[in-house]
Amino acid sequence: MTTSQPSGLQILIVGAGFAGLSAAIECARTGHKVTLFDKVSSIDEITRYGDIVSFDPNGSRAFQKWVFPDTSSVAERMEEISRQTDWLDLFHYQGEFVTRQSFVEETKWGRRINGHRGGLHRLVYEFVKTRREEVEVRWGVRVVKYFEESDGAENEGPQVGVVIKGPDGKMEKVMGDAVLAAEGVRSRGRKLVLGLEEDEQPKSSGYAVYRAWFPSEPVIAKNPITKHLVEKGDQHEGYIGPDIHFLVSSIKGGSEINWVFTHIDDGNIEESWQFPGRPEEALAYLEGWCPVVRELVKATPPGRLIDYKLVYREPLPKFVSPKGRIALIGDAAHPFLPTSIQGASQSIEDGTVVAACFKRVEMSKEQVVPTALKAYEKLRYEIVHKAQAMGLKTRERWHKADWDGPEGVWKVPEKLWLLREEWLLGFDAEGDTYKRWPAIVKELQRKDDSHRPRGKL
Ligand SMILES: Cc1cc2nc3c(=O)[nH]c(=O)nc-3n(C[C@H](O)[C@H](O)[C@H](O)COP(=O)(O)OP(=O)(O)OC[C@H]3O[C@@H](n4cnc5c(N)ncnc54)[C@H](O)[C@@H]3O)c2cc1C
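As named in an unreviewed UniProt entry, the protein chain is FAD/NAD(P)-binding domain-containing protein, taken from Neurospora intermedia. Under the UniProt heading Sequence similarities (unreviewed entry), the note attached to the protein chain is "Belongs to the paxM FAD-dependent monooxygenase family."

## Quick look at the pattern of salt bridges
Taken as a whole and assessed by the stated rule, the structure comprises 26 salt bridges. The shortest N-O distance in the salt bridge between E256 and K252 comes to 3.7 Å. Residues participating in the shared-partner salt-bridge network are E26, R29, K65 and E430.

## Topic: the packing of helix α3 (residues 57-65) against helix α10 (residues 343-360)
Here α3 crosses α10 at 55°, and the two axes come no closer than 7 Å. The pairing of α3 with α10 is recorded here as oblique in orientation. As α3 runs across α10, the sense of the crossing is left-handed. On α10, the residues touching N58, G59, A62, F63 and K65 of α3 are S345, Q346, I348, E349 and T352. In terms of residue class, the contact of α3 with α10 is made up of three nonpolar, five polar and two charged.

## A closer look at the site of the ligand
Around the ligand there are 29 residues in total, and D38, D51, I52, R117 and D331 lie nearest to it. The backbone of K39 places a nitrogen or oxygen atom 3.1 Å from a nitrogen atom of the ligand. Interatomic distance of 2.9 Å between a backbone N/O atom of V143 and a nitrogen atom of the ligand. Protein coverage of the free-state accessible area of the ligand, which is 930 Å², stands at 86%. Taken together, the elements giving at least two residues each to the shell around the ligand come down to α1 (18-29), β2 (33-38), β3 (52-55), β8 (142-149) and α10. Classifying every residue of the shell around the ligand by side-chain character gives 15 nonpolar, six polar and eight charged.

Cut-offs applied
- Residues numbered from 1 in each chain as written.
- Predicted model: local features only at pLDDT ≥ 70, side-chain atom pairs only at ≥ 80, totals over all residues.
- Heavy atoms only, no water.
- UniProt positions renumbered as here; feature names shortened; annotations may be inferred.
- Salt bridge = Lys/Arg side-chain N within 4 Å of Asp/Glu carboxyl O.
- Axes fitted to C-alpha atoms, helices over the stretch in contact; angles between N-to-C directions.
- Helix = DSSP H or I, 4+ residues; strand = E, 2+ residues; numbered from the N terminus.
- Parallel < 35°, antiparallel > 145°, perpendicular 65-115°, else oblique.
- Left-handed = near helix turned anticlockwise from the far one by under 90°.
- Contact = heavy atoms within 4.5 Å.
- Nonpolar A, V, L, I, M, F, W, Y, C, P; charged D, E, K, R; others polar.
- Near = heavy atom within 4 Å.
- Polar contact = N/O pair within 3.5 Å; in protein donor to acceptor, adjacent residues only side chain to side chain.
- Areas by Shrake-Rupley, 256 points an atom, 1.4 Å probe, with all protein chains shown as cover.

See the structure below:
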């Protein structure tokens with residue numbers, strides 16, 4: 001991986017999720033120094049939770065560029081621990097096979113990576129560690145305040161930074177040139193960016209997801225109803241019923257199994273990756289469903305079931321703070337529904353684009369940050385919201401499927417296929433930034449003539 005000359009910029013990043021880590025790597029790659037804070041005490045605490053996470057070719061593109069000293073890329077290492085399927089078999093909820101959607105054609109856009117979030121996340125972090133000279137990671141540090149204040153000094157930009165509470169409880173003010181707020185759906189940075197007294201709470205989307213991941217031996221592998229899922233290597237199946245879809249994956253040669261299904265949210269659960277679910281309650285949503293699905297739920301070991309509330313936020317009006325030094329990235333800017341299969345990929349793209357923008361601006365230190373961050377917002381705003389909308393479309397396709405009509409699913413099974421479109425999956429976020437840069441710079445110039453950015457093209 002190439003690294004540009006040191007830029008002299010110090011970037012503060014809040015949150016070591018996929019958005020924060022990818023921004024750190026890409027910023028290091030473009031010559032900036034990065035300090036990254038996460039409130040949890042270590043990477044182990046991040047990787048302990050969660051189950052399946054998916055990267056489509058547009059998201060995995062960055063992993064290909066990140067090459068370890070032994071010349072293996074993050075993408076190659078991820079593939080080794082990911083699901084080895086290039087199809088999705090779709091069934092009616094009572095068990096009848098409907099259609100197979102193949103993803104073979106998509107290799108022209110890149111890799112699809114579906115695996116355990118913890119394992120994939122750890123690989124990205126391992127790669128961050130190879131950039132120790134540029135990226136300092138501070139664990140156990142909670143950011144309690146963001147600031148962007150004018151100190152009154154002439155010709156100096158506003159002071160920007162964060163107030164942190166360290167593991168010893170001590171408060172510290174840390175200054176930088178720019179702050180990237182990558183702290184997920186409950187972002188504090190959002191308050192400052194949007195100029196709110198109090199941040200609005202995320203709303204319930206009306207749905208929640210039961211999620212489980214566990215070894216397939218002995219129960220799944222020995223049960224004649226479920227053993228087909230694991231005895232011939234990895235499988236990927238979806239069961240579609242009224243207002244519910246149930247997806248099951250077997251991974252690591254069939255030795256591990258993961259299932260997820262949506263259910264109407266009755267408001268009793270929290271938005272947390274640690275909220276336990278009860279298999280008997282999950283089963284109550286699946287009355288009349290086929291034995292494969294019911295046996296999978298019954299086989300879930302105690303403590304392996306999570307009930308995750310799907311929250312929703314209206315699209316934010318902007319991603320960048322009033323003085324242009326703080327930007328929201330990843331879920332902090334745009335939480336995704338799982339049916340979009342794009343949340344993690346879009347967070348990687350955000351990190352790539354923000355760093356590419358820093359690379360393209362050539363001007364005084366005071367101007368580079370606001371120009372780069374406003375350009376980032378312009379480049380990302382439309383596409384992330386379009387991708388978000390795809391999640392809703394897929395959910396409608398599945399949950400409200402017309403099965404028996406003249407144009408219904410039994411006649412046109414492809415109606416159940418996931419929407420897989422080139423504008424999204426074939427998207428090269430870094431290339432797009434460079435391509436659109438001159439036009440974006442012009443537009444920003446028109447809006448704020450005093451910044452006068454010059455592209456490096
Ligand atoms: C524990 C956990 C488990 C998950 N499991 C899955 C899964 O199984 N499947 C899936 O598709 N998606 C999962 N996700 C969500 C998924 O990772 C994100 O939707 C997507 O990758 C975008 O990531 P992000 O970096 O924007 O946010 P996140 O992944 O939410 O990362 C945000 C990070 O910011 C840190 N943070 C938050 N507030 C502060 C603060 N004030 N100061 C310092 N640090 C802060 C958090 O500790 C966290 O590490 C999970 C998220 C979490 C946090």
